[in-house]
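The primary structure of each chain is shown beneath.
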Amino acid sequence: MYIGAAYYPELWDESEIDHDIEVCKEFGLNTLRIAEFAWSRMEPKEGKFDFGWLERVMDKLHAAGIHVLLCTPTCTPPRWLFTKYPETKTVMDTGERVEISSRCHPCKSSPIMREKNRIIVTEMAKRFGHHPALIGWQIDNELYVYDNGCHCPLCRKNFRKWLKDRYGTIENLNKEFIMDRWSLTYDSFEDVIPPKRSEWAHPSLEAAWFEFYSNLTVDYAEEQAEILHKYSDAPAGTDLMVLNRFSFYNATKKLDVVQLNHYDTARRLTRPPFFYNFIRPIKDRPFWVTETQVGWNGSKTAQSRYRPEGNCYVNTWLPFAMGGEMNLYWLFRAQRSGQEIAHGAILSAAGRPYRVSEEVKQAAQDIKKALPFLENSAVKSKIALHYSSTGENDFAVAPIVETMPYFDTILQKFHDAFWHYNVDVIEPCHSLEGYEVLISPLVPYIPKEDAARIKQWVENGGTWIVGPMTDIYDASLKKNDKAPFYFLEELAGVYTVYQKPIVNDVFKAKWQDGTPAEISTYFDAFRPTDSRALVTYDGEEFDGYAAVTERKVGKGKVILLGTVLGIDDLRKLVDLKPIANASENVRVIERSGKENGIIVAELKHEPGFVDLCGEYTDLIHERTLSGHVEIAPHEVLVLKKI
Amino acid sequence: MYIGAAYYPELWDESEIDHDIEVCKEFGLNTLRIAEFAWSRMEPKEGKFDFGWLERVMDKLHAAGIHVLLCTPTCTPPRWLFTKYPETKTVMDTGERVEISSRCHPCKSSPIMREKNRIIVTEMAKRFGHHPALIGWQIDNELYVYDNGCHCPLCRKNFRKWLKDRYGTIENLNKEFIMDRWSLTYDSFEDVIPPKRSEWAHPSLEAAWFEFYSNLTVDYAEEQAEILHKYSDAPAGTDLMVLNRFSFYNATKKLDVVQLNHYDTARRLTRPPFFYNFIRPIKDRPFWVTETQVGWNGSKTAQSRYRPEGNCYVNTWLPFAMGGEMNLYWLFRAQRSGQEIAHGAILSAAGRPYRVSEEVKQAAQDIKKALPFLENSAVKSKIALHYSSTGENDFAVAPIVETMPYFDTILQKFHDAFWHYNVDVIEPCHSLEGYEVLISPLVPYIPKEDAARIKQWVENGGTWIVGPMTDIYDASLKKNDKAPFYFLEELAGVYTVYQKPIVNDVFKAKWQDGTPAEISTYFDAFRPTDSRALVTYDGEEFDGYAAVTERKVGKGKVILLGTVLGIDDLRKLVDLKPIANASENVRVIERSGKENGIIVAELKHEPGFVDLCGEYTDLIHERTLSGHVEIAPHEVLVLKKI
Amino acid sequence: MYIGAAYYPELWDESEIDHDIEVCKEFGLNTLRIAEFAWSRMEPKEGKFDFGWLERVMDKLHAAGIHVLLCTPTCTPPRWLFTKYPETKTVMDTGERVEISSRCHPCKSSPIMREKNRIIVTEMAKRFGHHPALIGWQIDNELYVYDNGCHCPLCRKNFRKWLKDRYGTIENLNKEFIMDRWSLTYDSFEDVIPPKRSEWAHPSLEAAWFEFYSNLTVDYAEEQAEILHKYSDAPAGTDLMVLNRFSFYNATKKLDVVQLNHYDTARRLTRPPFFYNFIRPIKDRPFWVTETQVGWNGSKTAQSRYRPEGNCYVNTWLPFAMGGEMNLYWLFRAQRSGQEIAHGAILSAAGRPYRVSEEVKQAAQDIKKALPFLENSAVKSKIALHYSSTGENDFAVAPIVETMPYFDTILQKFHDAFWHYNVDVIEPCHSLEGYEVLISPLVPYIPKEDAARIKQWVENGGTWIVGPMTDIYDASLKKNDKAPFYFLEELAGVYTVYQKPIVNDVFKAKWQDGTPAEISTYFDAFRPTDSRALVTYDGEEFDGYAAVTERKVGKGKVILLGTVLGIDDLRKLVDLKPIANASENVRVIERSGKENGIIVAELKHEPGFVDLCGEYTDLIHERTLSGHVEIAPHEVLVLKKI
């Protein structure tokens, strides 16, 4: 288990490092992430490399038993590079080349940028690829399609080629995008201009541009991975942010480990568990949390409000409880100046620990106590929830429902129904082996091969809870002109009579036994053709039509949602028992394998409880527990089954 | 009576048209508006025309008894045109030529754009000018001064010429705009740069630029009208939006019929009646509603909140009740993709009716029942309310009062005082023949000839309720240096002691009998010189001064408002009985002519009532009514006097 | 004592001036501020001057006993100048030269702009430098670093030179700004681009750019002062706005009188007294208020809400009560058109007084009654409060605490604790002679020489209340890497255990006697090393640590604040009696010298009181007062000690 922080030794006197190592030891930090932005120190002049300072740091860390996660610095090329090769700077969608004032500004298409990347990464890989402190690589930093991508002639050319590869002819693209609508019909691929933020742009074009630019960015990262793999056995990843619009599956395809950065306020402590459930199934290897806040976020101002005591403690615990093996803070020592001067850290700029760092220390100690149990057990889920990059991208450009932020709906209305269950959050392309229930809300486009695979899995006994707003688009963000869905009506055995993408509190619904069902956000009214209604609209325009239907398919069933159910109502559709009875504020995680047990974490800073079935050893407090157990605010219990 | 929708057959397989015609018949739609954006399909290559597909559509529609309103497609020239002639693209006020990504982007000055317009319109007019399905023409689409107009060298040159024509010399313009203020004195017309939105620009220049660009746009439309009139007898109009800043009177001067597009939320259902009262008197011919929403508005997101049942029904009825002969929805069938994918329609993209379309069907049936009555009666008004393009333009650039949106004040504080009266809303240039009462709030500039005409009308017996903030500017948006008004003090017989354009709830006022008068928004304090006070300030700074005065002038009188009265107080100034006693939520329309009666419409989705005087036949429900009649939410009663 | 207004005779018929002079006499206005924007009238063509009209105005005013404050018009050069010399126009940080549409647009570096300034100022100074009406000069208008300064090549070059002068080598600048952080290391000064607002820019660079541009602007003004001093004995100043980011001390160093413009809403009537306390100590000469509103502010819309009766009266009185000798309104007569058409004035555009002008008249009369007392007494303070230009600049670019607007914190949490005390608000560079208490919150950077001077003053008996967030940066906005402060820990005898820049209502504190202390905004936790705790955290994370400490130093003491105290708690730290016991809404000012007494002003439009010790003559109401005296809303009492 790796606990540590981002460390920028290039910004401090070399004399500070011994002090910093002492602090690491005192606080139980065994891993530092370094070199992230240090290109100008590693290659101060073109082709002149200086790795001595870095090697000295790594040697010292190794001597102190501290591991190193080494970063490629390609997010921040040196100024001499931009000055000599201005074509390496991103062109904004206003047409101007960006000035170099912060970071993440290189053009991803520039051949010279790519070449300079390859050179520095090769040098690093050769020099440090087998350093004994090295435990892994991070490529670049928080890759994303920033600021609507680069609009230089090369990137535009690459986009046109990408469209040509996908659509073949301009006539076909015109047809798929229906460009005739406003006489916007392209006469050739040369006519295509990437969408600008100032325009009222075509959503199909916007989605395509984001997808193209994502792929270009992934290619930019994979080029580095290839070099790293050549010279080093340490696993390589890239630290991604908590947003799947830039696809995690795509970005990590050729990488070895999934790395995640997250910064959430105290009230949003429900989001990291969602992402842990999402990144755990991607690779067989445990995921790494590469960045999270210690005390507060900040740029020129400290942000994200007050966090109660214990917030850092439980935030530190969660990745280990849920399938990860690393938690690194951003950052070890606060900046003395610059754009992020107000960001929290383990140490202040003055080198003194903040109060919150005591929680890190405590967590490090407690995790150590639970280590054998964690290493001998894993998180396995019977429930899978679809969360798609396509959904993020399509609903970003065409949200359809005014008050339905895609991610928050998935999080709050679906994922948060299952705090007492293990859940895997997966992309539609992910295997369904081992799952009993699959929930697929707001997956606007499902490729045919995935649809076929899901259908097969249902026939073999799976329960598919699908909708609302799933299967509504094709790959070009186009609706079907024959039905509101492409294949779901037939599969679910319904005819869609009406649709209403308008939020209201007028519509009501009830279960077949007459008990009310909570509905919101979006409304489809179905007439069951070869299915039965589970929930029916009650009064108003859709009175009597089905809001939720069920159809037996092979050994399994398809439950179609025409609306967003309340979380208690959603849970009724899942025929599985929770891991344990517990209060709402408590997340319960089941661990199984050589050893078995549960981990219980309080996430809302309120008292809570869990009712245990049988006897457990509380590994942190070294006691035996059973029955009704009270849990203090932000407490974590690691309970090994006796 | 024409009921129908916008139809874009160019976007669908030709095989769909038979299905679509069947739906029209089922729902009682007898009119389709087509070809609005179809230039690229009608002229796919420069000079190569293809009207076959359109002719086949029109023939089929004619065969099915469906009328066609044909649109000129000049709002969306084909991409080949912009590519070959880039000078046809608008230059934004940032200096850049716009990229072609949506619509309404052509420069209105470009000679080549004008020529290409003339060619396509001539071809259409020749080909379809006498087609039996044709009932009228729509020129372009929602003409307006978009995005602050085009700033290309030609448009700037035309603006300078327009200023020279108006002001003669640069010295005179400097004097009229008082350009000396900040040493901004122009040395020649060449110095004039149209105002940019990023500037703190001179309001007189802003107003002039908008007026110039409006005139240029009208000229652009009139050129098309001339061609249509040459080759076709069908009436031509242009579909205008609910905003008179781009002047309705100016835009329709050489056109045959007034066309209106409106999209209001359920709560803003009070706005369309205002506009019907406004556009009814412009031409002798009944007006056309060319666009309104069916269920919901939308772009990439469905907008405008939930509408209760019946909203579409009553919204369909209103234009027919108030003097129109057409109501077309936007749109017949929802888009499959693109910028307006989330807009409501009669049919979904899948070709299925939405629930709300049942209301269209019902309205079509009920209107049919009332048809003879509607054709044998008309709306005539004794009250006229001024609503001026100058007011929209002047208060847009210099609002003066912080919390007084010009249009909403006219609507809510003046027009909405008269829900149980017929009212004509008119431009100050409109004839006053037949009116007994004229209300003129917030008409900042009244040309001398209109002032003389109004005075003559008062002397002949009219009651003129005028103010506040009327007659405060000249044609260049300049205040008088001798008095707060140009002619109103003398005409109203007052001396203006104080003025206060600051909203507050401190000021109170009372009628001469001591009952309180509701006042708000703006405050002038008058001393009657040759008039009498009707309402007097009560306490605070203006205590004892008049807020409202009355002066007899010839056989008539001038009532000067120094403040915005509450609607109940305003009605006290009008010596006319309502058409009927009714609840507040009910609009009452009097129809007279060969047949007589009233139409009653509930607009707030609440129960209401009307007290009938005498006996009426309820034409929709085929019953006889008299006395106190209850009205259901969004119900419409067409009551023919027996 | 000068009371008057800004007057723009160049905008009105010369025939109006006699009328305007009559109004001045009637309202007691004895001073007009003229020529501010009149360059185009004084030099209509390059090198052709026309001062005849201005001389006639000044002659007439002199004849009527009205003084003239003459302005240099360099804020609004004539259009011919910009047309002929486009390099005189500011380049915005988007790269475009600004269009000339309002004011304040000249580049401050342009040699031709500078030359043209010198010429017009020389001509004015020669012509009017000894005019009998002249009482002073105003240079330019509201000088400031507008819109992020000018980004033309010359300004950039000057900035680079300024950086070179300050930092010597680029290596040193890199080190001071820590440019290595994101490999942003400059290779030469030529690499430095001034920060753009669209960038996520380095705060050290932002602060430096603002400081450089301020200095350039001061240089631009001083060049004019030199000319004025050559040809005229009248004192010269420049009218500054209520924001010390553009430093008052710096801007007025070579000027003769401090001039202030302020426009505050009724609720912000607490701000002008703060600024009077700030500008009073800068020069030995009484300060001038060059602009304040009469009735309402306004641009194209009248702004700043309703002001109750009396607000103008008390606002007129305050500068005279607090050490000034001038109060001029903006403006004498409202504009007839243009960007500020909605601004209030003494006369409307029609030449009629507004109601509020009666309050001006009353104030002028009452001030006259108190004149001998005002002339024979002055405001002297024992308390000094630091308000630093560096604080404004540093916290503007790096606010650190999210909900701590720098100025409002100084105003409301520190200055407003002392409504019943005389307080001088001073820059850290100001002499401490005569003060007993110095309060220094939020002074992020204290130069060594100032620190030494303060320490000396403490040792001589001063009480220094310092913090929070004082001494946290060096001159380059960089934190110390050895301690959270540069010198304060040692001086105050504490060790800073923890810091928390996060607002919360969880933290509590108490005085040593157990009574609760109100704390907010920011939190440092100290361990006294050579000091004693005065206020201690009570519960939660910092429980038991000191929030406020005291250390004896020489004959004086240093009280270190680790948090923002409530104003009642802050006052407990000051061992001085108030001038008088009075209600919270009443500001009490002590005047001493040949005559002695107090001035009492009600600022919140509520009833209040003051308890007098001894007998006083009420100079306005000509009566004798003693004991408990009631004060009406917005009343002013001038009480001369008997």
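Computed from a predicted model, the values in this text were never measured in an experiment.

1. Points about the overall build of chain A
And then number 1: Regarding its fold elements, chain A presents 17 helices and 31 strands.
And then number 2: In terms of overall size, chain A behaves like a compact globule, its C-alpha atoms giving a radius of gyration of 26 Å where 642 residues would be expected to give roughly 26 Å.
And then number 3: Each of the three principal axes of chain A carries a C-alpha extent, and together these read 75 × 75 × 40 Å.
And then number 4: Here chain A, with 642 residues, has 68% of them falling under the buried criterion.
And then number 5: Considering only contacts in chain A between residues 6 or more positions apart, those separated by 24 or more positions represent 72%.
And then number 6: A total of about 21,700 Å² of accessible surface is found on chain A, and carbon and sulfur atoms cover 48% of it.
And then number 7: Within chain A, the 91 negative side-chain charges are centred at a point lying 2 Å from the centre of the 76 positive side-chain charges.

2. Describing the sheet that holds strand 10 (residues 301-303) of chain A
And then number 1: Reading across from one edge, 9(A)-10(A)-14(C) is the order of the three strands in this open sheet, with mixed pairing throughout. The outermost strands of the open sheet, each flanked by one partner alone, are strand 9 (297-298) of chain A together with strand 14 (400-401) of chain C.
And then number 2: Looking at chain direction, strand 9 of chain A and strand 10 of chain A are connected through two bridges and run antiparallel. Residue pairing in the sheet places A:G298 in a bridge with A:A302 of strand 10 of chain A.

3. Some points on the domain arrangement of chain A
Residues and elements named next belong to chain A.
And then number 1: Splitting chain A by domain gives domain 1 (383-571) and domain 2 (582-641).
And then number 2: Each of domain 1 and domain 2 was reduced to a C-alpha centroid, and the two centroids are 33 Å apart.
And then number 3: Carbon and sulfur atoms make up 47% of the area that domain 1 and domain 2 hide from each other, which totals about 670 Å².
And then number 4: Broken down residue by residue, the surface that domain 1 buries against domain 2 is led by W419, H420 and N422, which jointly contribute 87%.
And then number 5: Run the count over domain 1 and domain 2 and you get zero salt bridges.
And then number 6: In this structure, the connection of domain 1 to domain 2 is made through four residue pairs in polar contact (both at pLDDT 80 or more).
And then number 7: In terms of residue class, the side of domain 1 that touches domain 2 is built from three nonpolar, three polar and one charged.

4. Comments concerning helix 5 (residues 111-128) of chain B
And then number 1: The end-to-end C-alpha distance of helix 5 of chain B is 26 Å, a good match for the 26 Å that 18 residues give at a rise of 1.5 Å each.
And then number 2: Buried residues along helix 5 of chain B sit against helix 2 (39-42), helix 3 (52-63), strand 3 (67-71), helix 4 (79-84), strand 4 (134-138) and helix 8 (203-231) of chain B.

5. Brief notes about the pairing of strand 27 (residues 586-593) of chain A
All names here are of chain A.
And then number 1: Pairing analysis gives two bridges linking strand 12 (residues 377-378) to strand 27, with the strands arranged antiparallel. Paired with A378 across the strands is S592, a residue of strand 27.
And then number 2: Linking strand 27 back to strand 28 (residues 597-602) in an antiparallel pair, the connection comprises three residues.

6. Remarks on the interface of chain C and chain A
And then number 1: The interface is formed by 54 residues belonging to chain C together with 50 residues belonging to chain A.
And then number 2: Across the chain C to chain A interface the summed buried area is about 4,500 Å²; carbon plus sulfur atoms make up 51%.
And then number 3: The largest per-residue losses of area from chain C upon contact with chain A belong to C:R181, C:W182 and C:W200, which jointly make up 18% of the total buried on that side.
And then number 4: Joining chain C to chain A, the criterion identifies six salt bridges.
And then number 5: Inspection of the region where chain C meets chain A yields 24 residue pairs in polar contact (both at pLDDT 80 or more).
And then number 6: It is strand 18 (residues 494-500) of chain C that contributes the most residues to the side of chain C that touches chain A, six residues altogether.
And then number 7: When grouped by side-chain class, the residues that make up the side of chain C that touches chain A number 29 nonpolar, nine polar and 16 charged.

7. Examining the interface of chain A and chain B
And then number 1: The interface is formed by 54 residues belonging to chain A together with 50 residues belonging to chain B.
And then number 2: A combined buried area of about 4,500 Å² lies between chain A and chain B, and 51% of that area is made up of carbon and sulfur atoms.
And then number 3: For the pair chain A and chain B, the number of links is six salt bridges.
And then number 4: The shortest N-O distance in the salt bridge between A:D481 and B:R336 comes to 3.8 Å.

8. A look at the relation of the copies chain A and chain B
And then number 1: When chain A is fitted to chain B, the best match, at an RMSD of 0.1 Å, comes from turning it 120° and sliding it 0.0 Å along the axis. With respect to symmetry, the two chain copies, as superposed, fit the operation of a three-fold axis. Nearest to the rotation axis, the C-alpha of A:T94 is located 6.2 Å from it, this being the minimum over chain A.

9. Some points on the pattern of salt bridges
Pairing is possible between side chains that carry opposite charge, provided their charged atoms lie close to one another.
And then number 1: Summed over the entire model, instances satisfying the criterion amount to 126 salt bridges over all chains.
And then number 2: Linking A:K510 and A:D538 is a salt bridge whose minimum nitrogen-to-oxygen distance equals 3.8 Å. You can see A:K510 sitting in strand 19 (residues 509-511) and its partner A:D538 sitting in the loop between strand 22 (532-537) and strand 23 (546-553), a full 28 residues away along the chain.
And then number 3: A:K510 gets classed as partly exposed once you look at its relative accessible area, which sits at 31%.
And then number 4: Residues joined by salt bridges that share partners form a network here, namely A:E16, A:D20, A:R333 and C:K482.

10. Structural notes on the packing of aromatic side chains
And then number 1: Counting across every chain of the model gives 130 aromatic pairs over all chains.
And then number 2: Ring geometry for B:Y144 versus B:Y146: centroids 5.9 Å apart, planes at 70°, classification edge-to-face.
And then number 3: For B:Y146, a relative accessible area of 28% translates into the label partly exposed.
And then number 4: Ring geometry for C:Y498 and C:F542: centres 5.7 Å apart, planes at 20°, overall stacked. Taken together, the residues C:Y498 in strand 18 and C:F542 in the loop between strand 22 (532-537) and strand 23 (546-553) connect sequence positions 44 residues apart.
And then number 5: Residue class for C:Y498 comes out buried when judged on its relative accessible area of 10%.
And then number 6: Connected via pairs of aromatic rings, a cluster forms that spans A:F248, A:Y249, A:F274, A:F275, A:F278, A:Y387, A:F395, A:Y406 and A:F407.
And then number 7: The ring of C:W419 carries C:K604 above its face, with NZ or CZ at 5.2 Å from the centroid.

The rules behind the values
- Residues numbered from 1 in each chain as written.
- Chains lettered and ligands numbered in written order.
- Predicted model: local features only at pLDDT ≥ 70, side-chain atom pairs only at ≥ 80, totals over all residues.
- Heavy atoms only, no water.
- Helix = DSSP H or I, 4+ residues; strand = E, 2+ residues; numbered from the N terminus.
- Rg over C-alpha atoms; globule rule 2.2 N^0.38 Å.
- Buried < 20%, exposed > 50% of the residue type's maximum accessible area, 1.4 Å probe, protein only.
- Contact = heavy atoms within 4.5 Å.
- Areas by Shrake-Rupley, 256 points an atom, 1.4 Å probe, with all protein chains shown as cover.
- Lys, Arg positive; Asp, Glu negative; His and termini not counted.
- Charge placed at Lys NZ, Arg CZ, Asp CG, Glu CD.
- Pairing = 2+ DSSP bridges.
- Domains from an automatic or database assignment.
- Buried area = accessible area lost by both parts, 1.4 Å probe.
- Salt bridge = Lys/Arg side-chain N within 4 Å of Asp/Glu carboxyl O.
- Polar contact = N/O pair within 3.5 Å; in protein donor to acceptor, adjacent residues only side chain to side chain.
- Nonpolar A, V, L, I, M, F, W, Y, C, P; charged D, E, K, R; others polar.
- Expected span 1.5 Å × (residues − 1).
- Least-squares fit on C-alpha atoms with pLDDT ≥ 70 in both.
- Phe/Tyr/Trp six-rings, centres within 6.5 Å; stacked < 30°, edge-to-face > 60°.
- Lys NZ or Arg CZ within 6 Å of the ring centre and 35° of its normal.

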